[in-house]
Amino acid sequence: MTSLRSVKRSTLSEDVYETLRSAVLEHSLAPGDRLNIDGLARELEVSPTPVREALARLESEGLVRKRALAGYTVSPLLTREEFADLFDMRLLLECAAARRAAAHATEAQRSSLVAQAGGTVLDNGDEKAWHAAFTAQDAQLHRLVVQSSGSPLLLEAFTRLHAHLHLHRRYFPYSHTAVTHQEHRDLAEAIANRDAERAEATMRQHLRQARDRHLVAFTQ
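Predicted model, so just to flag it, every value in this text is computed and none were measured. (Residues numbered from 1 in each chain as written. Predicted model: local features only at pLDDT ≥ 70, side-chain atom pairs only at ≥ 80, totals over all residues. Heavy atoms only, no water.)

**What to know about the overall build of the protein chain**
Tallying secondary structure elements over the protein chain gives nine helices and three strands in all. The secondary structure elements of the protein chain, listed N-terminal to C-terminal, are α-β-α-α-β-β-α-α-α-α-α-α. Expressed as a percentage of its 220 residues, the buried residues of the protein chain come to 45%. Partitioning the intrachain contacts of the protein chain with sequence separation of at least 6 by distance along the chain shows that 74% fall at a separation of at least 24. Here the protein chain has roughly 11100 Å² of accessible surface; of this, 51% comes from carbon and sulfur atoms. (Helix = DSSP H or I, 4+ residues; strand = E, 2+ residues; numbered from the N terminus. Buried < 20%, exposed > 50% of the residue type's maximum accessible area, 1.4 Å probe, protein only. Contact = heavy atoms within 4.5 Å. Areas by Shrake-Rupley, 256 points an atom, 1.4 Å probe, with all protein chains shown as cover.)

**Examining a negative patch on the surface**
On the surface, a cluster of negative charge is contributed by Glu81, Glu82, Asp85 and Asp88. Along the chain, glutamate 82 turns up in helix α4 (residues 80-104). (Patch = residues over 30% accessible without salt bridge, like charges linked within 9 Å, V, L, I, M, F, W, Y side chains within 5 Å. Salt bridge = Lys/Arg side-chain N within 4 Å of Asp/Glu carboxyl O. Lys, Arg positive; Asp, Glu negative; His and termini not counted. Charge placed at Lys NZ, Arg CZ, Asp CG, Glu CD.)

**A look at the sheet that holds strand β3 (residues 71-74)**
The strand order across the open sheet formed by three strands is β1-β3-β2, and the pairing between neighbours is antiparallel. Two strands lie at the open edges of the sheet, namely β1 (34-35) and β2 (64-67), each paired on one side alone. (Pairing = 2+ DSSP bridges.)

**Things to note about the nonpolar core**
Ranked by internal contacts, the top residues of the largest apolar core, which has 32 residues, are Val145, Leu187, Ile191 and Met203. Secondary structure elements with two or more residues in this core: α4, α5 (107-118), α6 (127-148), α7 (152-168), α8 (177-192) and α9 (196-214). Ignoring any residue separated from it by four or fewer positions in sequence, one finds leucine 187 in contact with Ala98, Leu141, Val145, Ala199, Thr202 and Met203. Residues Tyr17, Leu55, Leu63 and Leu167 belong to the second largest nonpolar core, which totals 23 residues. (Core = buried A, V, L, I, M, F, W, Y, C linked by side-chain atoms within 4.5 Å.)

**Description of the packing of aromatic side chains**
Tallying each qualifying case throughout the model produces one aromatic pair. Consider the rings of phenylalanine 83 and phenylalanine 87, whose centres lie 5.0 Å apart with planes at 45 degrees: the pair is tilted. Pair noted here: phenylalanine 83 and phenylalanine 87 are both in helix α4, with a separation of four residues, about one helical turn. Residue phenylalanine 83 is classed as buried on the basis of its relative accessible area of 0%. A cation over a ring is seen here: arginine 57 above tyrosine 17, with NZ or CZ 3.6 Å from the ring centre. One residue, arginine 90, lies across the ring of phenylalanine 87, its end atom 4.9 Å from the ring centre. (Phe/Tyr/Trp six-rings, centres within 6.5 Å; stacked < 30°, edge-to-face > 60°. Lys NZ or Arg CZ within 6 Å of the ring centre and 35° of its normal.)

**As for the pattern of salt bridges**
Inspection of the entire model under this criterion finds nine salt bridges. In this structure, the salt-bridge partner of glutamate 200 is arginine 99, at a minimum N-O distance of 2.5 Å. Taken together, the positions of glutamate 200 in helix α9 and arginine 99 in helix α4 put the pair 101 residues apart, joining distant regions of the chain. Given a relative accessible area of 17%, glutamate 200 falls into the buried group. The salt bridge partner of arginine 194 is glutamate 107, with a shortest N-O separation of 2.4 Å. With arginine 194 in the loop between α8 and α9 and glutamate 107 in helix α5, this residue pair connects regions lying 87 residues apart in the sequence. Here the salt bridges share partners, and the residues they tie into one network are Arg99, Glu200 and Arg204.

**Details of the packing of helix α1 (residues 12-25) against helix α3 (residues 48-60)**
Where α1 meets α3, the axes come as close as 9 Å, and the angle between the chain directions of the two elements is 55 degrees. When the axis of α1 is compared with that of α3, the two are oblique. For the element pair α1 and α3, the recorded crossing hand is right-handed. In contact with Leu12, Ser13, Glu14, Val16, Tyr17, Leu20 and Arg21 of α1, α3 contributes Pro50, Val51, Glu53, Ala54, Leu55, Arg57 and Leu58. When the residues that make up the contact of α1 with α3 are grouped by side-chain class, the tally is nine nonpolar, one polar and four charged. (Axes fitted to C-alpha atoms, helices over the stretch in contact; angles between N-to-C directions. Parallel < 35°, antiparallel > 145°, perpendicular 65-115°, else oblique. Left-handed = near helix turned anticlockwise from the far one by under 90°. Nonpolar A, V, L, I, M, F, W, Y, C, P; charged D, E, K, R; others polar.)

**Points about α5**
Residues separated by three or four positions in an α-helix point in the same direction, a consequence of the helix having 3.6 residues per turn. The terminal C-alpha atoms of α5, which comprises twelve residues, lie 17 Å apart, in line with the 16 Å expected from a rise of 1.5 Å per residue. Along α5, the residues classified as buried are Arg110, Leu113 and Ala117. One face of α5 carries all of its buried residues, which in axial projection span an arc of 60 degrees. Within α5, the exposed residues directed more than 90 degrees away from the buried face are Ala108 and Ala115. (Expected span 1.5 Å × (residues − 1). Arc of directions from axis to C-beta.)

Everything listed is a geometric property; what it means functionally is a separate question.
Here it is in structure tokens:
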């Protein structure tokens, strides 16, 4: 297992959670890996309690699994069929969320969406850090759209679905980032302009193209 950084004592529980979550999303803790609470606690130089709490949070997000007598493991990658099903569900939920957001978003949320879509991730030569920053930006924009819909149920469903997608983002073909950014800008603009039909259509096109871009993970 790749060495994990030591956590700061001041915000212990949150730091342990963020450290383990990043390790899972970056595949330092790879899909299928068994997670030993005592071993992780020793490596992070903390007691087992914050590790146990962090793993419970990650389980609620779908990033790790717990089985009786077997403990925790990192959730496996989806199969191609499961991945297709995931995007079918995203098309249902996020297109509806984009339409609702165009009607219900506050002015502050519209401004946040435009700002998030317009932001760029600078390449400082650290490929791993750049990948992490780009995927975080992508996930945050989609979350902002769903939050702006004003539907707590849509947000809850979105959160569960995206936990599975996070595990695949490590395989995203980053040569397509410019196209992805443009799609995000078009979506944010439609919501900011209160154009519900365009927002829904733009989200649908973006998700379909994103699905095709992510399929590279199944051909490696």
